[in-house]
Amino acid sequence: MEHFFTDSEDKAITIEDEESKLFMKFGEDANSYVGRTFTLLLKATDADSDVYSAKSVVELELK
């Protein structure tokens, strides 16, 4: 499953969540949070290229 966010500068962020764990702690389907504000703590990975940047989600917090 993919989740789509925009950052504070309206830049697109796509998160691949193969095991559907990202929203598990909130107890609801990810679509329940459309339009809500989150704080994402990300960690860099070695998968960066000229086309995209890959990071791991360390923490997701609903504001």
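Here the structure is a predicted model, which means the values were calculated and not measured.

Moving on, we get to the nonpolar core. Core analysis: the largest hydrophobic core is formed by 8 residues, namely Phe5, Ile15, Leu22, Phe23, Ala30, Tyr33, Phe38 and Leu60. Apart from the residues lying within four places of it in its own chain, the contact partners of Ala30 are His3 and Phe23.

Our next topic: the confidence of the model for the chain. Scored by pLDDT, the chain comes out at a mean of 85, with 98% of its residues at no less than 70. Per-residue pLDDT, averaged within each element of the chain, yields its smallest value for strand S2 (residues 12-16) (86) and its largest for strand S1 (residues 2-6) (89).

Within the element layout of this structure, His3 appears in strand S1. Given the relative accessible area of 7%, His3 is considered buried. In this structure the side chain of His3 is engaged in a polar contact, spanning 3.3 Å, whose partner is the side chain of Asp17. For His3, the contacting residues outside a window of four places in its chain are Ile13, Thr14, Ile15, Asp17, Leu22, Phe23 and Ala30.

Once that is clear, we can look at the environment of Leu40. Within the element layout of this structure, Leu40 appears in strand S3 (residues 38-44). A C-alpha to C-alpha distance of 8.9 Å links Leu40 and Leu62, two positions 22 residues apart in sequence. Leave out the neighbours within four places in its chain, and Leu40 touches Phe5, Ile15, Val57, Glu59 and Leu60.

Scoring rules and cut-offs
- Residues numbered from 1 in each chain as written.
- Predicted model: local features only at pLDDT ≥ 70, side-chain atom pairs only at ≥ 80, totals over all residues.
- Heavy atoms only, no water.
- Core = buried A, V, L, I, M, F, W, Y, C linked by side-chain atoms within 4.5 Å.
- Buried < 20%, exposed > 50% of the residue type's maximum accessible area, 1.4 Å probe, protein only.
- Contact = heavy atoms within 4.5 Å.
- pLDDT = per-residue confidence, 0-100.
- Helix = DSSP H or I, 4+ residues; strand = E, 2+ residues; numbered from the N terminus.
- Polar contact = N/O pair within 3.5 Å; in protein donor to acceptor, adjacent residues only side chain to side chain.

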